[in-house]
Amino acid sequence: MSHQSQNWMDVLPTVMLGLRASIREDTNTSLFELTYGKSERLPGDMIVESEDRQPTEDYVISLKAKMQALKPVPANHKTNRSVFVSKHLDNCNHVYVRRDAVRKYLQRPYDGPFRVLYRSDKPLTLDVNGKEKVISIDRVKPAFIFNPDITEDPKVIAIPISTPTHPTNESSHPTNKSTLSANPYTRT
């Protein structure tokens, strides 16, 4: 905080007055003017200026001391976000690469798996469709595959389904009326 006060409640009205009275760049008006439709009358506007009024030396000294006590607050950059890096990236053979683009509905967020050729602290060199590409470790996640010879997405293989064989004996078939049991809930 830029004010060096132990009790923040003492400074809060001044801060709120500054926020309400400051002119916004996007609308070129203040929040007070947007809310009430007229400009705010600040405490400095209520004092009538007189030409014979000169600031006292005590006032100048205390004003200088307060202005020197103000320190700028470092801005929070929202681009400094921490990225999760898996511990398995140190020894994995294949990785998935995140797509950094707007995706369509039901589109996979990662491409791959791609084989890792070389690794450094930050970048990885991958075999992407027969070409070497250098990709940051922030965009990859390890691929856990059982067969390290796999270098692309698995193919869909059609497996023939065998139909069960039915017995040819009609007496053992469940629709045969002689083998059906009588319904215990009906009256005969």
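Scroll up a little and you will see the structure.
Rules and cut-offs
- Residues numbered from 1 in each chain as written.
- Predicted model: local features only at pLDDT ≥ 70, side-chain atom pairs only at ≥ 80, totals over all residues.
- Heavy atoms only, no water.
- Helix = DSSP H or I, 4+ residues; strand = E, 2+ residues; numbered from the N terminus.
- Expected span 1.5 Å × (residues − 1).
- Buried < 20%, exposed > 50% of the residue type's maximum accessible area, 1.4 Å probe, protein only.
- Pairing = 2+ DSSP bridges.
- Salt bridge = Lys/Arg side-chain N within 4 Å of Asp/Glu carboxyl O.

(A) Layout of helix α4 (residues 57-69). In this model, α4 (13 residues) spans 18 Å end to end at C-alpha, consistent with the 18 Å of a helix rising 1.5 Å per residue. In terms of burial, α4 is largely open, as just 0 of its 13 residues are buried.

(B) Summary view of the side chain of Thr-125. Tracing the backbone shows Thr-125 in strand β3 (residues 123-128). Classification of Thr-125 by relative accessible area gives buried; the value is 13%.

(C) Spotlight on unusual backbone geometry. In this structure, Pro-113 follows Gly-112 across a cis peptide bond, with omega equal to 15°. Locating Pro-113 in the fold gives a position in strand β2 (residues 110-119). With a phi angle near 60°, Asn-28 is a residue other than glycine that sits in the positive phi range. One can find Asn-28 in the loop between α1 (8-21) and α2 (31-36).

(D) Summary view of the pairing of strand β1 (residues 94-98). Pairing geometry for β1 and β2, over 4 bridges, is antiparallel. Residue pairing for β2: Arg-98 is matched across the bridge by Tyr-110. Alignment of β1 against strand β5 (residues 140-143), held across 4 bridges, turns out to be antiparallel. Bridge assignment links Val-95 to a residue of β5, and that residue is Pro-142.

(E) Quick peek at the pattern of salt bridges. Following the criterion strictly, the structure yields 6 salt bridges and no others. With its nearest N and O atoms 3.4 Å apart, the salt bridge here joins Asp-26 to Arg-24. Asp-26 sits in the exposed class, given a relative accessible area of 59%. Overall, Arg-24 belongs to the partly exposed group, its relative accessible area being 35%. In this structure, the salt-bridge partner of Lys-122 is Asp-138, at a minimum N-O distance of 2.8 Å. A residue pair is termed long-range when its members are at least 10 positions apart, and Lys-122 in the loop between β2 and β3 and Asp-138 in the loop between β4 (131-136) and β5 qualify at 16 residues. We classify Lys-122 as partly exposed; its relative accessible area is 43%. Overlapping salt bridges bring together Arg-98, Asp-100 and Arg-139 as one network.

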